[in-house]
Structures are given as C-alpha cells and as structure tokens.
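# Survey of secondary and tertiary structure
Letter by letter, the chains look like this.
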Amino acid sequence: MPEATSTVGAAEPDDETLVGLARSGDRPARDELFLRHRGIAYRVAYRLLGNPHDAEDAVQDGLIKAFAGLEHFDGRSGFRTWLVRIVSNTAIDLGRKRRRRNVFAMGARSNGQGPARGRPAAGGTFEQGRPEPVTTSDPAHRLHREDLRHTLDLALARLSPKLRITFVLFAEAGLSYKEIAESQDVPIGTVMSRLHDARQKLQSCPEIQALEEDEAG
Amino acid sequence: MTTNHSSADRDALTRLWDAARPVEPTDAAWDALWARVTDRLDQQQPAEAPTVLAFSPWRRISGRVLIAAQAAAILMAAFLAARHRPVTESHAPTPLAQIAMVHEWDFPPGIIPMIRQDDKGVRFVAFAQDERSNALVGPLDGNFAMYDYMEGLAD
C-alpha cells in the first residue's frame, strides 16, 4: 500500500524516470506515480461522470489500463497527460454504459420494479441523486458546496460527451489545446470551437443562471 | 479552474467551477482502490507469462529439436520398413500379364471363371452353373473344375 509521501527517495525523480522504473517492475515507482496523479485523475472522472462512485470506478479501470499498457507510453506527452487521457476516455465509456443501464433501471421503476433510488446516471442524464462524500466540518458550508456541485453537475450533464470531455480536460486537467487535440484526435481548431460552445451552453444553463441571480440578489 | 475569463459570466462559471471542486476519496478509499488495481495488475502478469515464455529462445530451440527428432524417427522407421518388406507381398496385386502366362485354360460350358483377390493373393475361382436352375454353385477351385471336366471327356 503506498504511503502518503514519496517512497522513491528525496531526489524526487521525474515522471519519466518513474515510468522507466515501473516498466521494469519497480513497485515503489508505480506507487509514486499513483500518488502523484490520482487526484487529477479522480477530479476529471468526477467532472465527466457526476458522481463519486462512478468516478472511482473510472479511475480504477483507467489506472489498470495505464499501468498494464505502460510499454505503450511513448513519452511524447507527459505521463500525467497520458493518464488523464486514458481515465477520461474510460469515464466517457463508463458513462455511456451506465446511462444505458440507468435507462433500463428507470424503465423498471416506472413499472413498479427495481430500486427506488440509484446513483446519478452518468454520461448525460443525471437522476436526482447528489454527490455523496463531503468532508467539510461546517454543515452549512458543506450543504452549500453540495448545492454548487450539484448545479455544476446538472449543467455539465447538458453538454454532449464531446463538449464535456473537451471542457473538462481544459478546465480541470489543465491540458493545452494541443494536448486535448491529440487526446481527442481532432484538429486544434475543433478544440477551440468545442470550448467556445461548451462555455456558451454552460452559461446559458438555467441552473447556472439561477445561481447567478441568487448571488446578485 | 485554469481558464482566464474576462466577462462576468465567465467569472461566475469559474467561481462555480472552483467552489464545486469534487472532494477526493479518503485515504482508506484510495488504499482500497489501489489494492484492487495492483491485484488486477498482478493477476494479468502470470497470465501473460506463459505467452512470453512460449516465444523465448530456449523454448524455440527445444521445440525445433523435438520436431527434428520426430522427423528423423519417422524417416528411419520408413527406411527400415522398406528394407525388410518381402519382395512378393501377399497383399500386392499380381500383374494380369503374369496370370495369363501361368494359367491358360479353356473353360468348359457351365463354368463361369472369376478372378478373386483375397488375403492369399489373386486367385482363379470358378463357379459351376446348375443346369436346372441356372443358379451358380461354388465357388469351385479352378483346378478342380478343370479336372472334373477332363474326367468327363475321358469317360
């Protein structure tokens, strides 16, 4: 189990060095790569899926894919970019699958069958579920953050998967246009266009407009 | 949020984005997740190991030696079998020209000659025909039928 701090040494080797060590079976190097990049991987997955359980599943599957295919990492982009790309694509795939699953579940509920409540549907059709784990001690602050997060989840869910992943990779992961273009296999102009569309749609979301009105009032 | 927006709308979106930053899993949850990942990775490695070993140089060489040994054994067995095979094998068909040279018969009426190949080789057999029913009786030995006919002529 990895410690909360680096297990490799005080010299702080860069990611490429760690990848080389991990390829040769060095477990501490693999642990260190996980510790360094798990946070960004989780936040991207969460922004794309809108709930913590699905985000954890996407991170887990993405990490397995990444470390099992470490020999395919060519070093053109950084390991962080490469991992985020894998996790985001995994999250989108997971979102599609679970959206289909939730459509069936909702159909069953309408017939009086199945569970009464489930996770928010990922990939575009959120149910009325809300993000779950919040560790803030102040209850009022916690509720406020939950509301904000829920508002943003609903707004993101209104975006198409292409717009959503482009916006999340830019806004959350901090990838450049070029890196997003490579990860999505589209021209840079398409990335810029998608970012513009995503912003327009997010700003026109009724949830965000209502929030702005509340703040103004 | 890493964007740098100028308009009020974008600022609101940026504020919302930052304020709604997802809370990461607890350390225990991360540990459990990483344990599952490493378990899966460790399971995948032994499954892939035989594939890697199957194409290792030593495996390749030993496989080639085994195939060569089998081929040599088969060739040796075929060679020995050919050397010790009898010149006139009972199963081998006798050439028709050779039969014609050894046996020249005039068949009497009522005898239907047939050439039969069985485990003793190619033989001449004859069927006698019953005069009343015209049914074939036999098979008779070809020599017997011929001697029987000759005796009849002598009488």
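Residues numbered from 1 in each chain as written. Chains lettered and ligands numbered in written order. Predicted model: local features only at pLDDT ≥ 70, side-chain atom pairs only at ≥ 80, totals over all residues. Heavy atoms only, no water.

## Overview of the overall build of chain B
Across its full length, chain B carries five helices and three strands. Counting helices and strands in the order they occur from the N terminus, chain B gives α-α-α-α-β-β-β-α. The proportion of buried residues among the 155 residues of chain B is 19%. Here the contacts in chain B between residues at least 6 apart in sequence split such that 21% fall between residues at least 24 apart. Accessible area of chain B: about 11,600 Å², with a carbon and sulfur share of 59%. (Helix = DSSP H or I, 4+ residues; strand = E, 2+ residues; numbered from the N terminus. Buried < 20%, exposed > 50% of the residue type's maximum accessible area, 1.4 Å probe, protein only. Contact = heavy atoms within 4.5 Å. Areas by Shrake-Rupley, 256 points an atom, 1.4 Å probe, with all protein chains shown as cover.)

## Focus: the interface of chain B and chain A
Contact with chain B, which involves 32 residues of that partner, is made by 41 residues of chain A. Here chain B and chain A share an interface that buries about 3,700 Å² over both sides, 64% of which is from carbon and sulfur atoms. Here Asp 27 of chain B makes a salt bridge to Arg 38 of chain A, at a shortest N to O gap of 3.7 Å. Between chain B and chain A we count nine residue pairs in polar contact (both at pLDDT 80 or more) in total. (Buried area = accessible area lost by both parts, 1.4 Å probe. Salt bridge = Lys/Arg side-chain N within 4 Å of Asp/Glu carboxyl O. Polar contact = N/O pair within 3.5 Å; in protein donor to acceptor, adjacent residues only side chain to side chain.)

## What to know about helix α6 (residues 161-171) of chain A
Most of α6 of chain A sits inside the fold, with nine of its 11 residues counted as buried. By the burial criterion, the buried members of α6 of chain A are Leu 163, Arg 164, Ile 165, Thr 166, Phe 167, Val 168, Leu 169, Phe 170 and Ala 171 of chain A.

## A word on unusual backbone geometry
In this structure, Asp 185 of chain A is a non-glycine residue whose phi angle is positive, near 60°. Tracing the chain through its elements places Asp 185 of chain A in the loop between α7 (177-184) and α8 (188-203).

## Here's the deal with the confidence of the model for chain B
Residues and elements named next belong to chain B. For chain B, per-residue confidence averages 67 on the pLDDT scale, and residues scoring 70 or more make up 35% of the total. Model confidence for chain B, summarised as mean pLDDT per element, is weakest for helix α4 (residues 96-102) at 50 and strongest for helix α2 (residues 27-54) at 77. Across residues 47-55 the pLDDT falls below 50, and counting only partners more than four positions away or on other chains, this stretch makes three contacts in the model. As a predicted assembly, this complex carries a pTM of 0.57 together with an ipTM value of 0.73. (pLDDT = per-residue confidence, 0-100.)

## Let's talk about the packing of aromatic side chains
Using the criterion set out here, one finds 11 aromatic pairs over all chains in the structure. Relative to Trp 30 of chain B, the ring of Phe 34 of chain A lies with its centre 5.7 Å away and its plane at 80°, an arrangement referred to as edge-to-face. One end of the pair, Phe 34 of chain A, is in helix α2 (residues 27-49); the other, Trp 30 of chain B, is in helix α2, on a second chain. Here Phe 34 of chain A matches Trp 30 of chain B in class, with each residue buried. (Phe/Tyr/Trp six-rings, centres within 6.5 Å; stacked < 30°, edge-to-face > 60°.)

## Things to note about the nonpolar core
Formed by 65 residues in total, the largest nonpolar core has its most connected members in Val 59, Leu 63, Phe 79 and Phe 167 of chain A. The element that contributes the greatest number of residues to this core is α2 of chain A, accounting for 12 residues. When residues no more than four places from it in sequence are discounted, the contact partners of Leu 63 of chain A are Phe 34 and Leu 83 of chain A together with Leu 33, Trp 34 and Val 37 of chain B. (Core = buried A, V, L, I, M, F, W, Y, C linked by side-chain atoms within 4.5 Å.)

## Considerations on the side chain of Arg 38 of chain A
Here Arg 38 of chain A shows up in helix α2. Sequence-distant contacts of Arg 38 of chain A, that is, excluding residues within four places in its chain, are made with Asp 27 and Trp 30 of chain B.

## Overview of the packing of α6 of chain A against α8 of chain A
All names here are of chain A. The interhelical angle for the contact between α6 and α8, taken along N-to-C directions, is 100°, at an axis separation of 9 Å. Here α8 runs roughly perpendicular to α6, going by the angle between their axes. Here Lys 162, Leu 163, Thr 166, Phe 167 and Phe 170 of α6 come into contact with α8, specifically with Val 191, Arg 194, Leu 195, Asp 197, Ala 198, Arg 199, Lys 201 and Leu 202. Tallied by class, the residues present in the contact of α6 with α8 amount to seven nonpolar, one polar and five charged. (Axes fitted to C-alpha atoms, helices over the stretch in contact; angles between N-to-C directions. Parallel < 35°, antiparallel > 145°, perpendicular 65-115°, else oblique. Nonpolar A, V, L, I, M, F, W, Y, C, P; charged D, E, K, R; others polar.)

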